[in-house]
Amino acid sequence: MKQYRPQMLLLFGAGLIMASIIWELVRMNPSTAYIVEPWALRGYETVHGSVTFTIGALLFAAGLLTIWEKSKVPLFSRLIAALMGAGAIGIAAIYGTDEKTMGGGFTAWIVAIVAGFVIKSAIVPFLPKSNALVRTLVSLGIVAVAAVILYATLLGTERDALPVVWVSIGAILLVGIAVTGTPAELAANRMLIFSILAGGAAISLSAAASRTALLDAQFELNGIAGQFKDTQVTSGWFLALFGILLAFVGAVSLWAKRRDIIINQQRAERQRLAAEASAAEIQAALEIAQQHQREARSQQQG
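Every value quoted in this text rests on a predicted model; they were computed, and no experiment measured them.

Visitor: Outline the overall build of the protein chain, listing residues and values.
Guide: Looking only at helices and strands, the protein chain has eight helices and five strands in total. Each helix (α) and strand (β) of the protein chain, taken in turn from the N terminus, gives the series α-β-β-α-α-β-α-α-β-α-α-β-α. Along the three orthogonal principal directions, the C-alpha set of the protein chain runs to about 120 × 55 × 30 Å. Evaluated residue by residue, the protein chain yields a buried proportion of 35% over its 302 residues. Nonlocal contacts in the protein chain, meaning residues at least 24 apart in sequence, comprise 76% of its contacts between residues at least 6 apart.

Here you go:
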């Protein structure tokens with residue numbers, strides 16, 4: 001049972017995220033001096049709860065795919081990572097209806113530099129072999145050139161676009177980091193961790209929007225709404241974040257467990273190759289010694 005704890009923790013956390021929509025997501029502060037309706041909203045009554053449920057469902061599916069034994073095969077691992085990125089883009093396409101202004105500034109430089117590292121990771125394996133210093137300088141040069149080009153042509157100017165555009169950029173970058181990292185067998189595990197962190201960020205940032213949704217529901221019902229300062233997120237939101245925490249711990253534990261197994265296998269393979277090389281050297285030395293003995297006997301007999 002102990003060997004399955006990371007998997008169980010991961011799936012239980014994702015299930016908890018989905019179940020969180022049953023609880024109250026947002027409500028009015030009980031100390032409020034006036035009465036408004038609705039007083040509270042549960043997760044399933046808001047679009048934010050639907051987003052939370054979808055995030056939990058996708059993380060649960062991603063967890064099952066990552067736990068799958070075939071995910072240890074580099075090709076399958078990379079395909080699973082790509083599917084996770086596609087899932088994030090799908091959520092943004094379904095729920096993101098309002099354009100967002102992004103681009104320029106410090107954040108754009110961070111994105112450009114991260115993209116540069118992804119491009120570098122994809123190019124460096126195909127470069128001619130050289131000493132460590134030259135490879136390091138070439139790698140840094142690729143990152144710098146790629147970052148400057150991306151910032152100048154795409155990211156340096158503020159642009160208005162639907163959330164799916166910005167999420168697509170982020171998802172592609174994260175998939176790139178996951179599939180170009182080593183060992184290749186852990187691409188799905190890396191992307192799963194990235195997905196959980198991104199899902200946690202989305203749920204965390206939904207708090208203000210959920211409070212606004214309650215005020216909008218009050219105004220639509222009777223033309224009277226409370227004040228933003230008198231609203232608060234409650235058990236459903238905290239439960240979803242607790243699920244994110246459990247899923248993150250499970251995903252990291254699974255990644256670490258698989259990494260240790262791969263490292264041990266690689267060490268055993270190196271030891272096997274070294275032993276075979278040593279045995280071959282001993283056999284060659286023995287054959288040479290036997291040859292010398294035969295030559296010595298021939299000379300004695302002659």
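Having seen it, we continue.
Visitor: With reference to specific residues and values, describe the nonpolar core.
Guide: With 26 residues, the main nonpolar core has Leu59, Met84, Leu192, Ile196 and Ile203 as its most contacted residues. Within the residue set of this core, elements represented by two or more residues are helix 1 (5-19), helix 2 (47-67), helix 3 (74-95), helix 6 (163-180), helix 7 (187-222) and helix 8 (235-301).

Visitor: Help me get a handle on the layout of surface pockets, residues and values and all.
Guide: Of the pockets and cavities examined, the largest pocket occupies roughly 1800 Å³. As for the largest pocket, its lining consists of 49 residues, and the residues nearest its centre are Ala92, Pro163, Val167, Ala198 and Ala202. Taken together, the elements giving at least two residues each to the lining of the largest pocket come down to helix 2, helix 3, strand 3 (100-102), helix 4 (105-123), helix 6 and helix 7. Sort the elements by how many residues they give to the lining of the largest pocket and helix 7 lands first, with 11 residues. When grouped by side-chain class, the residues that make up the lining of the largest pocket number 35 nonpolar, 12 polar and two charged.

Visitor: Lay out the packing of aromatic side chains with the relevant residues and their values.
Guide: Tallying each qualifying case throughout the model produces two aromatic pairs. Ring centres 5.7 Å apart and planes at 70° place the aromatic pair Trp68 and Phe76 in the edge-to-face group. Exposure remark for Phe76: the relative accessible area of 32% places this residue in the partly exposed category. Taking 5.0 Å as the distance between ring centres and 80° as the angle between the ring planes, the aromatic pair formed by Trp237 and Phe238 counts as edge-to-face. The class for Phe238 is partly exposed, based on a relative accessible area of 48%. Above the ring of Phe228, the side-chain terminus of Arg211 is found at 3.9 Å from the ring centroid.

Visitor: Tell me about the packing of helix 2 against helix 7, residues and numbers included.
Guide: Running from N to C, helix 2 and helix 7 cross one another at 170°; their axes reach a closest spacing of 9 Å. Taken together, the axis directions place helix 2 and helix 7 in an arrangement best described as roughly antiparallel. Together, His48, Thr52, Ile55, Leu59, Ala62, Gly63 and Thr66 of helix 2 and Ala188, Asn189, Leu192, Ser195, Ile196, Gly199, Ala202, Ile203, Ala209, Ser210 and Ala213 of helix 7 make up the contact between the two elements. Here the contact of helix 2 with helix 7 is built from residues that sort into 10 nonpolar, eight polar and no charged.

Visitor: Please provide a residue-by-residue account of the side chain of Asn189, values included.
Guide: Mapped onto the secondary structure, Asn189 falls in helix 7. The exposure class assigned to Asn189 is buried, which follows from its relative accessible area of 1%. With residues near it in sequence (within four places) discarded, Asn189 still touches Thr66, Leu254, Trp255 and Arg258.

Cut-off values and rules
- Residues numbered from 1 in each chain as written.
- Predicted model: local features only at pLDDT ≥ 70, side-chain atom pairs only at ≥ 80, totals over all residues.
- Heavy atoms only, no water.
- Helix = DSSP H or I, 4+ residues; strand = E, 2+ residues; numbered from the N terminus.
- Buried < 20%, exposed > 50% of the residue type's maximum accessible area, 1.4 Å probe, protein only.
- Contact = heavy atoms within 4.5 Å.
- Core = buried A, V, L, I, M, F, W, Y, C linked by side-chain atoms within 4.5 Å.
- 1 Å grid on protein atoms, 1.4 Å probe; cavity = no way out; pocket = protein on both sides within 12 Å on 5 of 7 lines; lining within 4 Å.
- Points joined across faces, edges and corners; volume = space filled by probe spheres on them.
- Nonpolar A, V, L, I, M, F, W, Y, C, P; charged D, E, K, R; others polar.
- Phe/Tyr/Trp six-rings, centres within 6.5 Å; stacked < 30°, edge-to-face > 60°.
- Lys NZ or Arg CZ within 6 Å of the ring centre and 35° of its normal.
- Axes fitted to C-alpha atoms, helices over the stretch in contact; angles between N-to-C directions.
- Parallel < 35°, antiparallel > 145°, perpendicular 65-115°, else oblique.

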